[in-house]
Amino acid sequence: MCELLGFSAEKPQNIRQYLELFFAHSVRHPHGWGMMYEQNTERMHLKEPCQACVSELLRQKLSDFPEQRAAIAHIRFATVGSVKPENCHPYYGTDSSGRMWTLVHNGTIYSGRNLTKYLEKQQGDTDSERIFLYLIEEINHAIAVSSRDLTEEERFRIVEQIVISLASRNKLNLLIYDGDLLYVHKNMKGTLHYLQKQDSILFSTEILNDDANWQSFPLAKLCAFRDGHKVFEGTEHGKIFVPNLDYITKAAAMHI
């Protein structure tokens, strides 16, 4: 039970106000924050195991935040894993071709046999990190089989297969960025929204302002975006997460 923010645009834009509104929600999500952003053509990652709204590091970063073409942010309410740096999102790393991947997750894995083998490999103890390790391993396997770099469509199909394999009985709201594509998925009603403009698109767990153009993101279907526009759309897999008693109890305590 965390919150996600993602951004994709044709050219760099000022998103500081959106980030400030988003991180203000950390009053209800006090167990860590993180973000991926671009600076001087380099992809940067920042994260801390503390409440975003009291972070001096975050305040300093946002005071002079560069315009962005692609960005991801996360605020954490711990359901699996303790409060420590290794359990903060985003998770990031490179595949065997040198491509960097970044992932943030809002949800809980209640049923995930595919992820068990990563328990001894991960640095922290979250199910989200195990999803990331699974992703990288599957990408590396596909690269080894093809003996070449993967195309955008091939990468999309692999991510879609991973999502479908994990979605059953799990809350799996994800934002993943591979340097070209921003992959977006949700499988619980009312938990991710988007704001489409002519040359950009913004995703957020909660609607961030009074703009009347916010819409609910499609349910149980992976989509991928480049430069603010949708370029791939998967099939509707139908694996919708219905909150169990544990989830409802924690959500009620957070007033969400």
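To be clear, the structure that these remarks concern was listed above.
Because the structure is a prediction, the values reported are computed rather than measured. (Residues numbered from 1 in each chain as written. Predicted model: local features only at pLDDT ≥ 70, side-chain atom pairs only at ≥ 80, totals over all residues. Heavy atoms only, no water.)

**Q** Explain the sheet that holds strand S1 (residues 3–13) residue by residue, including any values.
**A** What the 7 strands build is an open sheet, ordered S3-S2-S4-S1-S10-S9-S11; its pairing is antiparallel. Strand pairing shows two members of the sheet lacking a second neighbour, strand S3 (42–48) and strand S11 (215–216), which therefore form its edges. As defined by bridge partners, strand S2 (residues 33–39) adjoins strand S4 (residues 68–75) across 4 bridges and the pair is classed as antiparallel. Residue pairing for S4: Trp-33 is matched across the bridge by Ile-75. Running at roughly 5° to S4, helix H1 (residues 16–23) makes contact with S1, S2, S4, strand S9 (193–197) and strand S10 (200–204) of the sheet. (Pairing = 2+ DSSP bridges. Helix = DSSP H or I, 4+ residues; strand = E, 2+ residues; numbered from the N terminus. Contact = heavy atoms within 4.5 Å. Axes fitted to C-alpha atoms, helices over the stretch in contact; angles between N-to-C directions.)

**Q** Give a detailed account of the side chain of Ser-8, specifying residues and quantitative values.
**A** Of note, Ser-8 is situated in strand S1. Exposure remark for Ser-8: the relative accessible area of 5% places this residue in the buried category. Sequence-distant contacts of Ser-8, that is, excluding residues within four places in its chain, are made with Arg-69, Leu-182, Ser-200, Ile-201, Phe-225, Arg-226, Asp-227 and Gly-228. (Buried < 20%, exposed > 50% of the residue type's maximum accessible area, 1.4 Å probe, protein only.)

**Q** I'd like to hear about the sheet that holds strand S7 (residues 173–177), residue by residue, with values.
**A** The 6 strands lie next to each other as S5-S6-S7-S8-S12-S13, forming an open sheet whose pairing is antiparallel. Taken across any chain shown, the strands that pair with only one partner, and hence form the sheet edges, are strand S5 (91–94) and strand S13 (229–233). Averaged over all pairs of adjacent strands, the angle between strand axes in this sheet comes to 20°, irrespective of strand direction. Pairing of strand S6 (residues 100–106) with S7, which is carried by 5 bridges, proceeds in the antiparallel orientation. Along S7, the bridge assignment pairs Leu-103 with Ile-176. Taken strand by strand, helix H3 (residues 127–146) contacts S5, S6 and S7, and its axis lies near 145° from that of S6. Sheet strands touched by helix H4 (residues 152–167): S6, S7, strand S8 (182–185), strand S12 (223–226) and S13. Its angle to S13, the strand with the most contacts, is close to 65°.

**Q** Before we move on, could you go through the pairing of S10 and cite the residues and values that matter?
**A** Looking down a regular strand, the side chains alternate between one sheet face and the other. Extensive coverage of S10 is indicated by the burial of 5 of its 5 residues. Side chains Ser-200, Leu-202 and Ser-204 of S10 all project onto a buried face; the interleaved residues Ile-201 and Phe-203 project onto the opposite face, where all are buried too. Here 5 bridges tie S1 to S10, and the two strands are oriented antiparallel to one another. Directly across from Ser-8, in S10, lies its bridge partner Ile-201. As defined by bridge partners, S9 adjoins S10 across 5 bridges and the pair is classed as antiparallel.

**Q** Summarise unusual backbone geometry; cite the residues concerned and give the values.
**A** In the segment running from His-89 into Pro-90, the intervening peptide bond is cis, with an omega of 5°. Mapped onto the elements of the fold, Pro-90 is located in the loop between S4 and S5. Of note in the backbone geometry, Asn-40 takes a positive phi value of approximately 55° without being a glycine. Following the sequence through the fold, Asn-40 ends up in the loop between S2 and S3. The class for Asn-40 is exposed, based on a relative accessible area of 66%. The backbone of Ala-220 shows a phi angle near 60°, a positive value even though the residue is not glycine.

**Q** Tell me what's going on with the pattern of salt bridges, and back it up with residues and numbers.
**A** This structure, assessed with the given rule, holds 16 salt bridges. Across the pair Glu-38 and Arg-69 runs a salt bridge whose closest N-O atoms are separated by 3.6 Å. Placement of Glu-38 in strand S2 and of Arg-69 in strand S4 is noted, with a sequence separation of 31 residues between them. By relative accessible area, which is 22% here, Arg-69 ends up partly exposed. Here Arg-148 makes a salt bridge to Glu-154, at a shortest N to O gap of 2.6 Å. With relative accessibility at 40%, the residue Arg-148 sits in the partly exposed group. On the basis of relative accessible area, Glu-154 is assigned to the partly exposed category, the value being 28%. Where salt bridges share partners, they join Arg-99, Arg-155, Asp-178 and Asp-180 into one cluster. (Salt bridge = Lys/Arg side-chain N within 4 Å of Asp/Glu carboxyl O.)

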